[in-house]
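# Residue-level structural notes
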Amino acid sequence: MNGHSAATVDGKPVLVAEVDDREARLRSGPRAAALPASGTSEGRQLRRWLTQLIVTERVVAAEAAARGLTGCAAPSEVELLPDVTARLEIGSIAAAALADPRARALFAVVTADVHVSEAEVGEYHARNPLRFAESRPDGRGWRAAADGGPSLQRARPAITAHLLAAARRRAFRVWLDQRRAALVELAPGYEHPGDPRQPDNTHRH
């Protein structure tokens, strides 16, 4: 069974044994108690997630090699994924893959041409006037909310950085989805965890 393929990436097999090994490492690690039991619906979903991570790592490695990227000058993980919101935006698989500096170098190249317009910045400020307001001392050792939001001119650098980072994460996620769709074939039982056609998917409407 372990000699069978869970997936192929550009025609090259990802063996079930590789998924087994990745799962075994997780189950022997510090977060083992939080993992679902093997053989359950949730346990099978974990294996599907691990398969997605493995094929994504393969896609990233192939793309980085094709572009001559080594990851030496890659941005840091914190730069690309500064908080939980950023990780949710890009998705758990892409976020996990970005632990590899080659993936982060690829992110930088793929999203280099992403820009944010002045109109987008202005519209964001109009919708969220207090988003980048600075708190003020309240005289009792605490910080209080600002009396008003900063002007567009003052908030522009922060808004631009915020929107640009989100747009780059979105662009990378879309690019990665497209590359996986072109290169990856998944075997029965190793479908995407969110595929509504597989029996363990519980996100139904």
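Residues numbered from 1 in each chain as written. Predicted model: local features only at pLDDT ≥ 70, side-chain atom pairs only at ≥ 80, totals over all residues. Heavy atoms only, no water.

Okay, the pairing of strand E2 (residues 12–15) next. Examined bridge by bridge, strand E1 (residues 5–9) and E2 share four bridges and lie antiparallel to one another. Bridge assignment links Val9 to a residue of E2, and that residue is Lys12. Hairpin connection from E1 to E2: two residues lie between these consecutive antiparallel strands, with Asp10 at a positive phi of about 55°. (Pairing = 2+ DSSP bridges. Helix = DSSP H or I, 4+ residues; strand = E, 2+ residues; numbered from the N terminus.)

Turning next to the nonpolar core. If you look at the biggest cluster of nonpolar residues, it comprises 29 residues, and the most contacted ones within it are Leu81, Ile90, Leu98, Phe172 and Leu176. At the level of secondary structure, the elements contributing two or more residues to this core comprise E1, helix H1 (16–27), helix H2 (41–66), helix H4 (84–90), helix H5 (92–97), helix H6 (101–110) and helix H8 (152–183). Of all the elements, H2 adds the most residues to this core, at six residues. Residues within four places of Phe172 in sequence aside, it is in contact with Ile90, Leu98, Ala103, Leu106, Phe107, Val110 and Thr111. Of all hydrophobic cores here, the second largest spans five residues; its members include Val121, Tyr124, Ile159 and Leu163. (Core = buried A, V, L, I, M, F, W, Y, C linked by side-chain atoms within 4.5 Å. Buried < 20%, exposed > 50% of the residue type's maximum accessible area, 1.4 Å probe, protein only. Contact = heavy atoms within 4.5 Å.)

Attention now moves to the layout of surface pockets. The rolling of a water-molecule-sized probe over the atoms marks out the regions of remaining empty space. For the largest pocket, the calculated volume is near 480 Å³. Around the largest pocket, the lining is made up of 15 residues, and of these Leu26, Arg31, Leu35, Leu46 and Trp49 lie nearest the centre. Going through the elements one at a time, H1 and H2 are the ones with two or more residues in the lining of the largest pocket. Take the lining of the largest pocket: its biggest share by element is six residues, from H2. The residue makeup of the lining of the largest pocket, split by class, is nine nonpolar, two polar and four charged. Those elements giving two or more residues to the lining of the second largest pocket turn out to be H2, H5 and H8. When residues in the lining of the second largest pocket are grouped by element, the largest group, four residues, is from H8. Here the residues of the lining of the second largest pocket sort into six nonpolar, four polar and three charged. (1 Å grid on protein atoms, 1.4 Å probe; cavity = no way out; pocket = protein on both sides within 12 Å on 5 of 7 lines; lining within 4 Å. Points joined across faces, edges and corners; volume = space filled by probe spheres on them. Nonpolar A, V, L, I, M, F, W, Y, C, P; charged D, E, K, R; others polar.)

With that settled, the discussion passes to the pattern of salt bridges. Once their charged atoms are close, side chains differing in charge can pair, the charge on each being opposite to the other. Enumeration according to the criterion identifies 17 salt bridges in this entry. The partner of Glu77 in a salt bridge is Arg87, and the shortest N-O contact between them spans 3.2 Å. One end of the pair, Glu77, is in helix H3 (residues 77–80); the other, Arg87, is in helix H4, with ten residues separating them in the sequence. Classification of Arg87 by relative accessible area gives partly exposed; the value is 35%. The partner of Asp177 in a salt bridge is Arg180, with the nearest N and O atoms 2.6 Å apart. With a gap of three residues between them, Asp177 and Arg180 both fall in helix H8, about one helical turn apart. Exposure remark for Asp177: the relative accessible area of 38% places this residue in the partly exposed category. A cluster of three or more residues bridged by salt bridges with shared partners is formed by Asp20, Glu23, Arg27 and Arg47. (Salt bridge = Lys/Arg side-chain N within 4 Å of Asp/Glu carboxyl O.)

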